[in-house]
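Inside the fold
Here's the letter readout for the chains.
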Amino acid sequence: MAQLFAYIAHKQGVLDDSAAELAVAAAKLSADPVTAIVTGSGAELDTACTAAAAIYPAVWKFDNAALAYPNAEIIRKLLVNAVPAGSLVLIAHDTFGMDLGPGLSIKLDCAYAADVIGIDSADATAAVLVRQEYAGMAHAHMRCDISKGAVLTIRPGSFQATETPAAGGQVQDKSGEAGDLSANRRFLEVVQAEAGDVDITKSDVLVSVGRGIEDQENIEIAEELAQAMGAVVSCSRPIVDAKWLEKSRQVGTSGQTVKPKVYLAMGISGSFQHLGGLKGSPFIVAVNKNPKTPIFQVADVGIVEDILEFIPELTEKIQEG
Amino acid sequence: MEILVCVKRVPDTAENEIEVKADGTDIEQDDLVYSVNEWDNYAVEEAIQIRDKVGGAVTVVTVGDDEAEEVLRREMAMGADSGILCSDDAFEGSDGRGIAAILKAEIEKGKYDLVLTGAQADDGAGQVGGMVAAMLDWPYASLVNKIEAGDGGSITVGREIEGGNQEMNEIQLPCVLSIQTGINEPRYVGIRGIRKVASVEIPTHGAADLGLAADAVGAAGAKVKRVDYFMPELGEGAEILEGSMEEKIDKLIEMLKAKGGLK
Ligand SMILES: Cc1cc2nc3c(=O)[nH]c(=O)nc-3n(C[C@H](O)[C@H](O)[C@H](O)COP(=O)(O)OP(=O)(O)OC[C@H]3O[C@@H](n4cnc5c(N)ncnc54)[C@H](O)[C@@H]3O)c2cc1C
Ligand SMILES: Nc1ncnc2c1ncn2[C@@H]1O[C@H](COP(=O)(O)O)[C@@H](O)[C@H]1O
């Protein structure tokens, strides 16, 4: 059986949630031990390695000033040097994993499966994986040839860890085996997102609008409803892309993380990037004209209606008291 | 700057209710509305804006069947200078790696400084751009939401990372970038614009033109294959409110009051 590796993401030594999730996913591929690969520099890296050793039986540490910020172009080279041919490499499907995974699979000359949400079965030659297509409207089983190894990126939140980790793993310093860490892409800086006019993270009730609002002019009906409810208007990404609302109102992995008590999803399909910004198990009401839209799988209450008709009526009823 | 933009024709998820066929072999194709992958429009718009600033030309390329030509014309109506259709029976059934191999071969036929793709397409893999870059040994940056011209040999790009923060990078040319939505506002294309480019010649390149071995692409070369589509076994799912609009609203107001959503 191929060797298994998990690339562990951490920020200033604090492991990403995916660190534990990758171990759960790897266990579905094989019963063999998994090696965690942790990169960085200095004391932060040591903290991360210690945490990873609680989850994984073996930890490979790569310490180098060039690894202080995870530049996928550099880490790809490192992994190609460090990982034996035919290995299975697991990475989180986040903005770093999307940067690293595809190119890594080419350089390791192996299969690539992105955004895996389930693993049905696996043997030495193939794994049957579950993915979503068409914005979550269809699920698919994929047969992935893993006989020559594979790179898999795993959707955050899909493989929840239940056990408290106590692997008692060994940290091995592999810094000497990193190889050439130069790259034709140089990290400059991270520019923090700007704060907006309202802080949607402070509101207990959010009226959130998605592409179903159809037109900039219709944003007004959501604002009226929010006002009647004493709520704040938030939105999905396409509304920000269209510049109908400020970026600071966007809920999701590339926007704000919110923890409201009540969340009204109006004309939002429920992509994992959107739901990734919704924490604290709010009471979710989804209004959508398509009864098959994925958001109905996660909402508490679903209403199949056209929001352009539904929202004004609801506002009126609330105003009447 | 010579820029190549890779575009894909996909079922429009904003326009269609995608349904899986009962036997799971495919999605229902009847009445499907196709369009350009949402992300690719942003990539083409960005390419046009760069060209208009620094000069050069924008070429759009797609790997697909004859019908895929329509997306090339749409992007040419937006302002791309020319289009290339990569099409061959041997390409059918390619996985992401196969598509990347075809695009790599096409890129090597030209002399491009910059290759743009969308961040992801209908199957949400977000793989083709990074694969092409690695095959060419060109640097790559994904999820790009800002491009600034540099000194000629390099450019500065912003990558969108978690929380809406932006990771700035300097990247050497030639390079491959995958473009994230929101980087610009893609211009509108009217039916008249499309008519204007209706008769422009679009060359078709097949496996032989691109020097591709049949087993490197198509179903034979695919390491990842779809077995079937299926309907997942769902948990509880939402309680769907029934009745007239009024009844639904009354019910909802009651629930919102109980959950603290209404005072
Ligand atoms: C790296 C990355 C990061 C991302 N980050 C985020 C993020 O932070 N936040 C985010 O939201 N997205 C994010 N996205 C985008 C995400 O993948 C989806 O594209 C997006 O969430 C879809 O938004 P939506 O639900 O509003 O639109 P759609 O998916 O188009 O859904 C619109 C819904 O409205 C319904 N509808 C249409 N008209 C009506 C009507 N009149 N009445 C009622 N219902 C109607 C439709 O049935 C559909 O369900 C990210 C994507 C990537 C690749
Ligand atoms: N058949 C194709 N022809 C041309 N470009 C493609 C094709 N498939 C994918 N791409 C490009 O790769 C990007 C990412 O697609 P994917 O890797 O399939 O998620 C798309 O936005 C396109 O720019």
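Details of the structure are given in the entry above.
Residues numbered from 1 in each chain as written. Chains lettered and ligands numbered in written order. Predicted model: local features only at pLDDT ≥ 70, side-chain atom pairs only at ≥ 80, totals over all residues. Heavy atoms only, no water.

Our focus in this paragraph is the overall build of chain A. A count of helical and extended segments in chain A gives 9 helices and 18 strands. Taken along its principal axes, the extent of the C-alpha atoms in chain A is 70 × 40 × 40 Å. In chain A, which comprises 321 residues, the share counted as buried stands at 55%. For chain A, the share of sequence-separated contacts (at least 6 apart) that also reach a separation of at least 24 residues comes to 62%. Here chain A has roughly 12,800 Å² of accessible surface; of this, 48% comes from carbon and sulfur atoms. Charged side chains of chain A number 25 positive and 40 negative; the gap between the two group centres comes to 6 Å. (Helix = DSSP H or I, 4+ residues; strand = E, 2+ residues; numbered from the N terminus. Buried < 20%, exposed > 50% of the residue type's maximum accessible area, 1.4 Å probe, protein only. Contact = heavy atoms within 4.5 Å. Areas by Shrake-Rupley, 256 points an atom, 1.4 Å probe, with all protein chains shown as cover. Lys, Arg positive; Asp, Glu negative; His and termini not counted. Charge placed at Lys NZ, Arg CZ, Asp CG, Glu CD.)

Here the structure, examined in full by the defined rule, presents 3 aromatic pairs over all chains. Taken together, a centroid distance of 5.0 Å and an interplanar angle of 55° make the contact between A:Phe5 and A:Trp60 tilted. Here A:Phe5 is found in strand β1 (residues 4-8), whereas its partner A:Trp60 is found in strand β5 (residues 58-63), with 55 residues between them in sequence. You can call A:Trp60 buried: its relative accessible area is 10%. Judged by centre distance (3.7 Å) and plane angle (0°), the ring pair of A:Tyr69 and A:Phe187 falls under stacked. Taken together, the residues A:Tyr69 in the loop between β5 and α3 (72-82) and A:Phe187 in strand β13 (residues 185-191) connect sequence positions 118 residues apart. For the cation-ring pair, A:Lys174 lies above A:Trp60, with the distance from its terminal atom to the ring centre recorded as 4.0 Å. The positively charged end of B:Arg9 is found above the aromatic ring belonging to B:Tyr34, 4.0 Å away from the centroid. (Phe/Tyr/Trp six-rings, centres within 6.5 Å; stacked < 30°, edge-to-face > 60°. Lys NZ or Arg CZ within 6 Å of the ring centre and 35° of its normal.)

In this section: the site of ligand 1. Lining the immediate environment of ligand 1, one finds 30 residues, of which A:Ser236, A:Gln250, A:Ser254, A:Ser269 and A:Asn288 sit closest. Ligand 1 sits at the junction of chains A and B, each of which supplies nearby residues. In this structure, A:Gly255 approaches ligand 1 through a main-chain N or O atom, which is 3.4 Å from an oxygen atom. The fraction of the free accessible surface of ligand 1 (990 Å²) that becomes covered by protein chains is 92%. (Near = heavy atom within 4 Å. Polar contact = N/O pair within 3.5 Å; in protein donor to acceptor, adjacent residues only side chain to side chain.)

All right, on to the packing of helix α5 (residues 219-229) of chain A against helix α9 (residues 307-320) of chain A then. Residue and element names in this part refer to chain A. The N-to-C vectors of α5 and α9 enclose an angle of 25°; their axes lie 9 Å apart at closest approach. When the axes of α5 and α9 are compared, the pair comes out roughly parallel. α9 is crossed by α5, and the crossing has left-handed handedness. On α9, the residues that touch Ile 221, Ala 222, Glu 224, Leu 225, Ala 228 and Met 229 of α5 are Ile 307, Leu 308, Ile 311, Pro 312, Leu 314, Thr 315, Ile 318 and Gln 319. Within the contact of α5 with α9, the residues separate by chemical class into 11 nonpolar, 2 polar and 1 charged. (Axes fitted to C-alpha atoms, helices over the stretch in contact; angles between N-to-C directions. Parallel < 35°, antiparallel > 145°, perpendicular 65-115°, else oblique. Left-handed = near helix turned anticlockwise from the far one by under 90°. Nonpolar A, V, L, I, M, F, W, Y, C, P; charged D, E, K, R; others polar.)

Below, the discussion takes up the packing of α3(A) against helix α4 (residues 95-107) of chain A. Residue and element names in this part refer to chain A. Interaxial distance between α3 and α4 falls to 9 Å at its minimum, and their mutual angle equals 40°. When the interaxial angle is binned, α3 and α4 end up oblique. In this structure, α3 meets α4 at a crossing whose hand is right-handed. Residues Ala 72, Ile 75, Arg 76, Leu 79 and Val 80 of α3 lie in contact with α4, whose contacting residues are Phe 96, Asp 99, Leu 100, Gly 103, Leu 104 and Lys 107. Here the contact of α3 with α4 is built from residues that sort into 7 nonpolar, 1 polar and 3 charged.

Residues and elements named next belong to chain B. As a matter of local geometry, ligand 2 sits amid 19 residues, with Cys 6, Asp 40, Val 63, Gly 126 and Gln 127 nearest to it. One of the backbone N or O atoms of Cys 6 is found 2.6 Å from an oxygen atom in ligand 2. Considering ligand 2 on its own, with 480 Å² of exposed area, one finds that the protein chains cover 98% of that surface. Elements with a minimum of two residues in the shell around ligand 2: β4 (57-63), α3 (96-109) and β6 (114-118). Among the elements that line the shell around ligand 2, the one with the most residues is β4, at 3 residues. Grouping the constituent residues of the shell around ligand 2 by class yields 9 nonpolar, 7 polar and 3 charged.

This part covers the interface of chain B and chain A. Contacts between the two partners involve 78 residues from chain B and, on the opposite side, 79 residues from chain A. Both sides of the chain B and chain A interface together cover about 7,200 Å² of buried area, and 57% of this is carbon and sulfur. Our count for the chain B to chain A interface comes out at 13 salt bridges. We note a salt bridge from A:Lys107 to B:Asp137, for which the minimum N-O separation is 2.8 Å. The interface formed by chain B and chain A contains 46 residue pairs in polar contact (both at pLDDT 80 or more). Every element with two or more residues in the side of chain B that touches chain A is listed here: α1 (38-54), α4 (128-136), β7 (140-149), β8 (154-160), β9 (166-172), β12 (224-230), β13 (239-240) and α7 (245-259) of chain B. (Buried area = accessible area lost by both parts, 1.4 Å probe. Salt bridge = Lys/Arg side-chain N within 4 Å of Asp/Glu carboxyl O.)

This paragraph deals with the sheet that holds β12(B). An order of β8(A)-β9(A)-β10(A)-β12(B) is seen for the 4 strands of this open sheet, with the pairing classed as antiparallel. Both edges of this open sheet fall to β8 (118-122) of chain A together with β12 of chain B, since each of them pairs with a single strand only. Across the sheet, the mean angle from the axis of one strand to that of its neighbour is 25°, orientation sign disregarded. Note: strand β9 (residues 126-133) of chain A against strand β10 (residues 138-145) of chain A, 8 bridges, orientation antiparallel. (Pairing = 2+ DSSP bridges.)

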